[in-house]
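What the coordinates show
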Amino acid sequence: MPNDKLKSLTDRELHARIVEIVSKKRTSDLLLIGALVFMRNNQAFQRFGYYSLAQYMRDALGFSPDESWKTSQAVHLICRFPNVGELLASGQTHLSHVA
C-alpha cells in the first residue's frame, strides 16, 4: 500500500493496518525460523558453499551481520531445545529473548 493511500486512512484504520502488518510479520518470522531449523538440521547451507547458517543468512539472504548471528543462535537453541520454538509460536517469548 503506497504512502498516499495511508494518508487517507483514519487513525483507527491506520492502527488496524499496522496491527495486521505486525501479525503477518510474526507469522512470516515463524515460517522463516522453521525453514532455517530444517536447513540447519540438514546442513543444506553447506551445499550452497556456506560454512555456517549465519553466513548463509548474511550472504545469500541479505541479513545484517547482527540479525544473522541472532537468528542463527535462536535456530541452534530451537534445535537443541524444541520447546523454545513452541514458546516463540505461542508468543510467550520473542526472537530477541532467545538469541
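Residues numbered from 1 in each chain as written. Predicted model: local features only at pLDDT ≥ 70, side-chain atom pairs only at ≥ 80, totals over all residues. Heavy atoms only, no water.

With that out of the way, let us pick up a nonpolar patch on the surface. A contiguous nonpolar patch, built from Leu14, Ile18 and Val22 and spanning about 210 Å² of accessible area, is present on the exposed surface. With respect to the helices, strands and loops of the structure, leucine 14 is situated in helix H2 (residues 11–42). (Patch = residues over 30% accessible without salt bridge, like charges linked within 9 Å, V, L, I, M, F, W, Y side chains within 5 Å. Areas by Shrake-Rupley, 256 points an atom, 1.4 Å probe, with all protein chains shown as cover. Salt bridge = Lys/Arg side-chain N within 4 Å of Asp/Glu carboxyl O. Helix = DSSP H or I, 4+ residues; strand = E, 2+ residues; numbered from the N terminus.)

Let us look at the pattern of salt bridges. Counted under the stated rule, the structure contains five salt bridges. When the shortest N-O distance is used, the salt bridge between glutamate 20 and lysine 24 registers 3.1 Å. Placement of both glutamate 20 and lysine 24 in helix H2 is noted, with a separation of four residues, approximately one turn of the helix. Residue lysine 24 is classed as exposed on the basis of its relative accessible area, which comes to 51%. (Buried < 20%, exposed > 50% of the residue type's maximum accessible area, 1.4 Å probe, protein only.)

Of note, the phi angle at glutamine 43 is positive, near 55°, even though the residue is not glycine. Note on glutamine 43: relative accessible area 29%, which makes it partly exposed.

This brings us to the environment of glutamate 67. The residue glutamate 67 is located in helix H5 (residues 65–80) in this model. Expressed as a C-alpha distance, the spacing of glutamate 67 and serine 96, which sit 29 residues apart in the sequence, is 9.7 Å.

The tally for this structure, following the rule as stated, stands at two aromatic pairs. Geometrically, the ring pair formed by tyrosine 50 and tyrosine 56 is edge-to-face, given 5.6 Å between the ring centres and 70° between the ring planes. No difference in accessibility class separates tyrosine 50 from tyrosine 56, as the two residues are buried. Among the aromatic residues, those joined into a ring-pair cluster are Phe48, Tyr50 and Tyr56. (Phe/Tyr/Trp six-rings, centres within 6.5 Å; stacked < 30°, edge-to-face > 60°.)

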